[in-house]
Amino acid sequence: MSAQNQKASGSTASGVIGAIGGMLGLSALAGVLVTVMVTPALAVTGIAASNTIGIFEGLPEYLKINEQSQRNVLYAQNTANPEDGYTAIATVYAENREEVAWEDVSQYIKDATLAGEDRRFYEHNGVDIQSIVRAGIGNLTSGGIESGASTLTMQLVKNIFITEALKAETVEERDALIAQAQEQSLERKLKEAKLAIGLEKEYTKDEILLAYLNIAGFGGNTYGIQAAAQQYFGVPASDVTIAQAASLIAIVQQPGARSLNSPDNFEANQGRRDVILDSMLAEGFITAAEHAEAIAIPVDEEFVTLTPPQSGCYAANRYAKFFCDFVLKSVGDFETLGNSVDEREAAWKLGGYDVYTTLNLSLQTATQARVWEIVPTTDPRLEIGSVATSIETNTGRVITMAQNKVFDDRSVESGGGTPGTTAVNYATDRDYGGSSGFQVGSTYKVFALVQWLNEGRGLNEVVDATIRDRNLAAFVDTCEDGGGPYGGNWNPKNDAGAAPAMSVFNATVQSVNTAFASVAEQLDQCAIRGAAESLGVHRADGGTLQTNPSAVLGTNEIAPLTMANAFATIASGGIYCKPIVVDRFVDRDGNELDGQESECNRALTTEVAAAAAAPMQAVYNVGTATASRTGDGIPVIAKTGTTDSSNQTWVVGSTSRISTAVWVGNVVGKVPIRSYPNGGQLRHQIFRVAQGAINAQYGGSAFGTPPARLLTGSGVTLPDITGQTAEQAKALLEGLGFKFEVAGNIDSDIPENRVASMSFPPGTLLARGSTVSVTISNGNVGTVPDVVSSPTSTADALAAFSAAGFTNVSVDCRELDPGDDPLLNGIIVEQSRPPGSKFLFSTGMTLTEARNSC
């Protein structure tokens, strides 16, 4: 008779003894249990029977069959188009379990469960009196509680307690609760009996049997019949054979000794399996022929198809493991799962979610493959690392996250910690992946550019780019947690030669350190930090962004994902969106739940975003990022970054749709990347391919046009102050908003004590606040007069040189030849210094006079 037939008959008549049990009151039933099951124990312990009945009466009426912990499955979108479908990339769980419906469990399993665990399941009401009597006889013989006559319903009660114990916060608490749920004690048996009866009143037999199959442990971290069938035979619970069904149910009484994880357990499993097969035959669940066929199959390596559970990010899609880890570390942010972090983590642990992430699997695969192709996982010369990560503008959806290392979060004892592997996600912050970030170099200059524009300054305004000592006291820092006021000098250097003065536009394109030192000098360092923070920039270690003057050159350690998102904010026209990783959830009941909503706000005006994008496009097209060009014509903004000694290298770029950050550098140590073979080009080789694949799927549109006001800004056309006294020049320049500085004196033909030269040429659109350095003339340079173009007597020539200020003039004689014009006698025919040239007044000059005789 099948389990369903037994159920049908049991629903009309529970059986004589079962009916009697159903008619007994709970107190009376407790008395029966104590009398026939635990009397020997009472004799030993001295506990009164009335006390045991009190324990029984004090329990709740029934135990609720809660949802059991299930697997969470992470999915990635195949392409940019959701209609192209999704692919599972990871399965994660606290317990390897997948709950299944009644119709998804093979009848063989149901029958084997009844035959092996509770043949009278459909006849009793949770406590089987016949079995209790038999157990009582055994207990009288042994003098203790050797057998508790547990029904399948009572086993379900025990498993519910064990499952709840697994949710304990500490290992110690968990182990104590599990031991309590499994102890051979009078109190536990009474508790199980009372709660089993309550379950039978609240749930149908089929519901109880299914709950048992979904909750039972099958060895290790495997729970539920579906996970067990998949793990041990590679098939769903609906497709097992008779022999497989019996072998699975053989595990539940002693999972440690009979699970099919190890060949050491095969003999014990087969022994119990054969008992179950015999019982199935005796109960009429299978025919003699089916019994003979099943029992002839040995439990061995050929019978078992072991499929180890693939849980966690270590077992995830090989291209998406770090992203998987990022999702797991973001669970506390999933507001759909609960009102607090604790609630969200508890819901995640309970599981049963299909998680549709933001990851674009085709692009993730291409990006990860490119990173592995360009940057090795290990190198004896340095601890080299690399990241390429991309984020969608206007939404914050993370679409790629690749790294040169191989993800492995296993312990050393479990095989982890091998060279080239890590559990640290270099793309993210410490709280989300364990990384403290990396110095970002000149990519940080963009935030000074943004603040420059926020203040109404212009791209065409010129700043000082000379290499010189800068007085740190001139750098303003109003942050209370900043380091100002500063002392001493700072003399930044450039990566390449640069003009002594240049526009902010060109300073960005050429990434000139000294020019941006001048930009920072004219801004509040705290305001530069504020601009960066408005774009979502923060230190990866959770600390506060540093505001010291050199911070403008990228000394803060920041995560690549943060930098990608900051550039996405500029590319989007000024809209910042917090990074998100989940589009939607589907719960265990098939209900679709919201994912992470895009949290966006306007960080920049559209005008400032367009103005910032203009030089950044030139960086990509003609500046320091040309090696990253994809060649597809899609507009891209970009900025490169290289730290001192080139121990970290960056390129960050964005279309109007997707922003990508690529970092190649030292995980630890300071080995120059430029000394590494092709080191300076590695970042570009990754970006070009990764962004090219992105552009092919997402495209991109043109960026905005900078307004005229942010081209000229507040710059002032510098007047010509040469020839003015220092006092006159100072008053004029300071009135225009410039700083005035006398750099020293110079030999000049400008009158003495007058301005002889300026550090910027007159007519320059100079940024307000810039320091104009001048030199003061010594007034000791004259212009050589012309005394040879027309006949000039020696006396007149000497007078002309004297009038010009020259004091060291001598005259030589040249005798006229017989054919020479006699009128040349006494005329200067040659001068040693070219007319119009400038010389110090003391410079020696020689004039040559023609004479008839010398």
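Refer to the structure presented above.
Residues numbered from 1 in each chain as written. Predicted model: local features only at pLDDT ≥ 70, side-chain atom pairs only at ≥ 80, totals over all residues. Heavy atoms only, no water.

J.: Got a minute to help me understand the overall build of the protein chain in this structure?
T.: Each helix and strand in the protein chain was counted, giving 29 helices and 30 strands. Considering the protein chain as a whole, with its 854 residues, one finds that 52% of them fall into the buried category. Long-range contacts, defined as pairs at least 24 residues apart, comprise 72% of the intrachain contacts of the protein chain with a sequence gap of at least 6. As displayed, the protein chain has an accessible area near 34500 Å², and 50% of this comes from carbon and sulfur atoms. (Helix = DSSP H or I, 4+ residues; strand = E, 2+ residues; numbered from the N terminus. Buried < 20%, exposed > 50% of the residue type's maximum accessible area, 1.4 Å probe, protein only. Contact = heavy atoms within 4.5 Å. Areas by Shrake-Rupley, 256 points an atom, 1.4 Å probe, with all protein chains shown as cover.)

J.: I would appreciate a short explanation of the pattern of salt bridges in the present structure.
T.: Opposite charge on two side chains permits them to pair, given that their charged atoms come into close proximity. Under the defined criterion, the tally for this structure stands at 28 salt bridges. Arg120 is the salt-bridge partner of Asp128, the closest N and O atoms lying 2.9 Å from each other. The pair formed by Asp128 and Arg120 is uniform in burial state, with each residue classed as buried. Note that Asp495 is salt-bridged to Arg674, the shortest N-O span being 2.8 Å. One end of the pair, Asp495, is in the loop between β11 (489-490) and β12 (501-503); the other, Arg674, is in the loop between β20 (658-668) and α26 (682-698), with 179 residues separating them in the sequence. Connected through shared salt-bridge partners, Glu392, Arg397, Asp583 and Arg657 make up one network. (Salt bridge = Lys/Arg side-chain N within 4 Å of Asp/Glu carboxyl O.)

J.: I would appreciate a short explanation of unusual backbone geometry in the present structure.
T.: Both trends apply: most residues other than glycine have a negative phi, and most peptide bonds are in trans. The peptide bond linking Gly484 to Pro485 adopts the cis configuration, its omega dihedral lying at -5 degrees. Residue position: Pro485 is located in the loop between β10 (470-471) and β11. The residue Asn753 is not glycine, and still its phi comes out positive at about 65 degrees. Its place among the elements puts Asn753 in the loop between β22 (739-746) and β23 (755-758).

J.: Looking at this model, I keep getting lost on the environment of Ser435. Mind explaining?
T.: Mapping Ser435 onto the fold places it in the loop between α19 (430-433) and β8 (438-439). Between the C-alpha atoms of Ser435 and Asp541, which are 106 residues apart in sequence, the distance is 7.3 Å. Excluding residues within four positions of it along the chain, Ser435 makes contact with Val424, Asn425, Tyr426, Thr428, Asp429, Arg430 and Ala540. Within the structure, Ser435 has its side chain in polar contact with the backbone nitrogen of Gly437 (distance 3.1 Å). (Polar contact = N/O pair within 3.5 Å; in protein donor to acceptor, adjacent residues only side chain to side chain.)

J.: Where do I start with the packing of helix α14 (residues 266-282) against helix α15 (residues 288-295) in this structure?
T.: Orientation of α14 relative to α15, taken along the N-to-C sense of each, is 175 degrees, at an axis distance of 10 Å. Considered as vectors, α14 and α15 are oriented roughly antiparallel to each other. Note on element contacts: α15 touches α14 through Ala288, His291, Ala294 and Ile295, opposite Arg273, Asp274, Leu277, Asp278 and Leu281. Classifying every residue of the contact of α14 with α15 gives 5 nonpolar, 1 polar and 3 charged. (Axes fitted to C-alpha atoms, helices over the stretch in contact; angles between N-to-C directions. Parallel < 35°, antiparallel > 145°, perpendicular 65-115°, else oblique. Nonpolar A, V, L, I, M, F, W, Y, C, P; charged D, E, K, R; others polar.)

J.: What is the right way to look at the environment of Leu816 in this model?
T.: Take Leu816: it is sitting in the loop between β27 (809-815) and β28 (827-831). Residue classification places Leu816 among the buried positions, given a relative accessible area of 12%. Sequence-wise, Leu816 and Arg851 are 35 residues apart; in three dimensions their C-alpha atoms are separated by 5.8 Å.

J.: Mind showing me how you'd approach a negative patch on the surface here?
T.: Taken together, Glu169, Glu173, Asp342, Glu343 and Glu345 make up a surface patch of like negative charges. At 3 residues, the largest contribution of residues to the negative patch is made by helix α17 (residues 341-350). Among the secondary structure elements, Glu173 is positioned in helix α8 (residues 171-182). (Patch = residues over 30% accessible without salt bridge, like charges linked within 9 Å, V, L, I, M, F, W, Y side chains within 5 Å. Lys, Arg positive; Asp, Glu negative; His and termini not counted. Charge placed at Lys NZ, Arg CZ, Asp CG, Glu CD.)

J.: Just checking my understanding: could you explain the side chain of Thr843 for this structure?
T.: The residue Thr843 is located in the loop between β29 (838-840) and β30 (845-851) in this model. Those residues in contact with Thr843 that sit more than four places away from it in its chain are Asn808 and Arg833.

J.: Sorry, what's going on with the packing of helix α12 (residues 242-249) against α14 here?
T.: Between two packed helices, the angle of one axis relative to the other and the distance separating the axes together describe the packing. Running from N to C, α12 and α14 point in directions that differ by 115 degrees, and their axes come no closer than 8 Å. Viewed along their axes, α12 and α14 form a crossing whose handedness is right-handed. Of the residues in α14, those touching α12 at Ile242, Ala243, Ala246, Ser247 and Ile249 are Asn269, Arg273, Ile276, Leu277 and Met280. Of the residues assigned to the contact of α12 with α14, the class counts are 7 nonpolar, 2 polar and 1 charged. (Left-handed = near helix turned anticlockwise from the far one by under 90°.)

J.: I'm lost on the sheet that holds strand β25 (residues 771-777) in this one. Help?
T.: Sheet strands pair by backbone hydrogen bonding; their relative direction is either parallel or antiparallel. Read across the sheet, 3 strands follow the order β22-β25-β23 without closing on themselves; strand pairing throughout is mixed. In the strand order of this sheet, the two ends are held by β22 and β23, each with one partner. For this sheet, the mean inter-axis angle between neighbouring strands, taken without regard to orientation, is 30 degrees. Relative to β25, β22 runs parallel, the two being bridged by 7 bridges. Residue pairing in the sheet places Val742 in a bridge with Val774 of β25. Strands in contact with helix α28 (residues 726-735) are β22, β23 and β25; relative to β22, the strand with the most contacts, it is inclined by about 155 degrees. (Pairing = 2+ DSSP bridges.)

J.: Honestly, the side chain of Gln364 in this entry has me stumped. Any pointers?
T.: Mapping Gln364 onto the fold places it in helix α18 (residues 361-374). From its side chain, Gln364 meets the backbone oxygen of Tyr319 in a polar contact 2.6 Å long. Leave out the neighbours within four places in its chain, and Gln364 touches Tyr319, Ala320, Leu359, Ile399, Thr400, Met401 and Ala402.

J.: Can you help me understand the state of the cysteines in this one?
T.: The bond known as a disulfide is covalent and runs between the sulfur atoms of two cysteines. Using the criterion set out here, one finds 4 disulfides in the structure. Each sulfur of the disulfide joining Cys313 and Cys324 lies 2.1 Å from the other. With the S-S bond torsion at -75 degrees, the cross-link from Cys313 to Cys324 turns out left-handed. Within this pair, whereas Cys313 is found in the loop between α15 and α16 (321-328), its partner Cys324 is found in helix α16, the two being separated by 11 residues in sequence. What makes Cys324 buried here is its relative accessible area of 0%. The side chain of Cys479 participates in a disulfide bridge whose partner is Cys526; the two sulfur atoms lie 1.8 Å from each other. Taking the sign of the S-S torsion, 85 degrees for the link of Cys479 and Cys526, the bridge is right-handed. (Disulfide = S-S within 2.5 Å.)

J.: Just checking my understanding: could you explain the packing of aromatic side chains for this structure?
T.: For any pair of aromatic rings, the description rests on two quantities: the centre-to-centre distance and the angle between the ring planes. A complete count under the given rule lists 17 aromatic pairs for this structure. Note on Tyr75 and Tyr356: the rings are 4.9 Å apart at their centroids and 15 degrees apart in plane angle, and the pair reads as stacked. Of this pair, Tyr75 sits in strand β1 (residues 72-77) while Tyr356 sits in strand β3 (residues 354-360), placing them 281 residues apart in sequence. Looking at Tyr356, the relative accessible area reads 14%, which means it is buried. With 5.8 Å between their ring centres and 40 degrees between their planes, Tyr319 and Trp372 make a pair best called tilted. One end of the pair, Tyr319, is in the loop between α15 and α16; the other, Trp372, is in helix α18, and 53 residues separate them in sequence. (Phe/Tyr/Trp six-rings, centres within 6.5 Å; stacked < 30°, edge-to-face > 60°.)

J.: What exactly am I supposed to notice about helix α29 (residues 794-803) here?
T.: Each turn of an α-helix holds 3.6 residues, which means side chains three or four residues apart point in the same direction. All of the buried residues in α29 are Thr794, Ala797 and Phe801. In a view along the axis of α29, the buried residues occupy a sector of 60 degrees, so they form one face of it. Residues of α29 that are exposed and angled more than 90 degrees away from the buried face: Ala795, Ser802 and Ala803. Looking at the buried residues of α29, the elements they touch are β27, β28 and β30. Just beyond α29, the residue with positive phi is Gly805, at close to 105 degrees. (Arc of directions from axis to C-beta.)

J.: For this particular structure, what's the right way to read the pairing of strand β5 (residues 398-403)?
T.: Within a regular strand, side chains alternate between the sheet's two faces. Of all the 6 residues making up β5, 6 are buried; the element is thus mostly covered by neighbouring parts of the structure. Here 5 bridges tie strand β4 (residues 383-392) to β5, and the two strands are oriented antiparallel to one another. When the sheet's bridge partners are listed, Ala388 is paired in β5 with Ala402.

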